Amino acid sequence: MKKRTKQILERLDQMYGTDALCYLNHENAWQLLIAVILSAQCTDARVNIVTADLFQKYDTLEKFAGADLKELEQDIHSIGFYHSKAKNIISCCRDLVTKFGGEVPSSLEDLTSLAGVGRKTANVIRGNVYHEPSIVVDTHVKRISNRFGFTKESDPVKIEQDLMKVLPKDHWILYNMQIITFGRSICTARSPKCSECFLQDLCEAGDKKI
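Residues numbered from 1 in each chain as written. Predicted model: local features only at pLDDT ≥ 70, side-chain atom pairs only at ≥ 80, totals over all residues. Heavy atoms only, no water.

## Side note on unusual backbone geometry
Despite not being glycine, Gln 41 has its phi angle at roughly 60°, a positive value. Tracing the chain through its elements places Gln 41 in the loop between helix H2 (29–39) and helix H3 (44–57). If you check the backbone angles, Phe 81 has positive phi at about 55° while not being a glycine. (Helix = DSSP H or I, 4+ residues; strand = E, 2+ residues; numbered from the N terminus.)

Now the structure itself:
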């Protein structure tokens, strides 16, 4: 298992490089936090389109904290679940201003105390902003880690725990970035391109297309 894991990671590094790139456009920690909240059940590309104008209109944390709910809903209406996301963003930003002095906290406990912030979102912030080794379990990581045989779990927290045992710490953040690209281009949810895959010989799923 260790040898196969090492080979998989080496090939991912060769194919996608070792620079941990975040696909959500942002200039600071609170912008990334808002972008990640918006990205739930939505593509990064759509979020980036919306935030291009959003972050110009609300160019401070305080403006988000004081935003009118209906107006913010209109600003993000092209994104799914915009009612709850607008409500969570305002509540989250108010707490950032009043409880955390305008700074995005670094601890998992503090981050998950914010509205709209679950473990996945918190780990994105911890990994990208604070460079704390964190594993982000999104739909691609969940699907492909099962195909690799790294986990048999379906619960994101259990998958995260399994991956922490399997992956070396220096790949915790990087793995997510690489797997997003891999999952979008080759190891798709439907009809994965197994015949074109550079990891086919190392994958437990192979051509089973699970």
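There is more to say after this.
## As for the side chain of Thr 188
With respect to the helices, strands and loops of the structure, Thr 188 is situated in the segment after helix H11 (172–185). Thr 188 gets classed as buried once you look at its relative accessible area, which sits at 17%. Among all residues touching Thr 188, those that are not within four sequence positions of it are Arg 143, Arg 147 and Gly 183. (Buried < 20%, exposed > 50% of the residue type's maximum accessible area, 1.4 Å probe, protein only. Contact = heavy atoms within 4.5 Å.)

## A few points about the pattern of salt bridges
Side chains that differ in sign of charge can pair as their charged atoms come close. On inspection of all chains with the given rule, the structure shows 11 salt bridges. Between Lys 57 and Glu 71 there is a salt bridge, with its nearest N and O atoms 2.7 Å apart. In this pair, Lys 57 is assigned in helix H3 and Glu 71 in helix H5 (residues 69–75), connecting sequence segments 14 residues apart. For Glu 71, a relative accessible area of 39% puts it in the partly exposed group. Close ionic contact of Glu 160 with Arg 119 constitutes a salt bridge, the shortest N to O distance being 2.6 Å. Note that Glu 160 is positioned in helix H10 (residues 156–166) and Arg 119 in helix H8 (residues 119–128), a separation of 41 residues in sequence. Look at Glu 160 and you get buried, because its relative accessible area is 6%. We classify Arg 119 as partly exposed; its relative accessible area is 34%. (Salt bridge = Lys/Arg side-chain N within 4 Å of Asp/Glu carboxyl O.)

## Points about the packing of aromatic side chains
Under the definition given, this model contains 9 aromatic pairs. Where Phe 55 meets Phe 64, the ring centres are 6.2 Å apart and the plane angle is 80°; that geometry is what we call edge-to-face. Like Phe 55, the residue Phe 64 is buried in the burial classification. Measuring from centroid to centroid gives 5.5 Å for Phe 182 and Phe 198, while their planes differ by 65°, and the two rings are edge-to-face. Pair noted here: Phe 182 is in helix H11 and Phe 198 is in the segment after H11, with a separation of 16 residues, a long-range link. Look at Phe 182 and you get buried, because its relative accessible area is 1%. Overall, Phe 198 belongs to the buried group, its relative accessible area being 18%. (Phe/Tyr/Trp six-rings, centres within 6.5 Å; stacked < 30°, edge-to-face > 60°.)

## Quick word on the state of the cysteines
Considering all chains together, one arrives at 0 disulfides under this definition. We note that Cys 22 lacks a disulfide partner, and the nearest cysteine sulfur, in Cys 42, lies 14 Å from it. The exposure class assigned to Cys 22 is partly exposed, which follows from its relative accessible area of 26%. Unpaired in this structure, Cys 203 has its nearest cysteine sulfur neighbour in Cys 187, at a distance of 6.2 Å. (Disulfide = S-S within 2.5 Å.)

## Here's the deal with the environment of Phe 81
Relative to the helices and strands, Phe 81 resides in the loop between H5 and helix H6 (82–98). Along the primary structure Phe 81 and Ala 40 are separated by 41 residues, whereas in three dimensions their C-alpha atoms are 8.6 Å apart.

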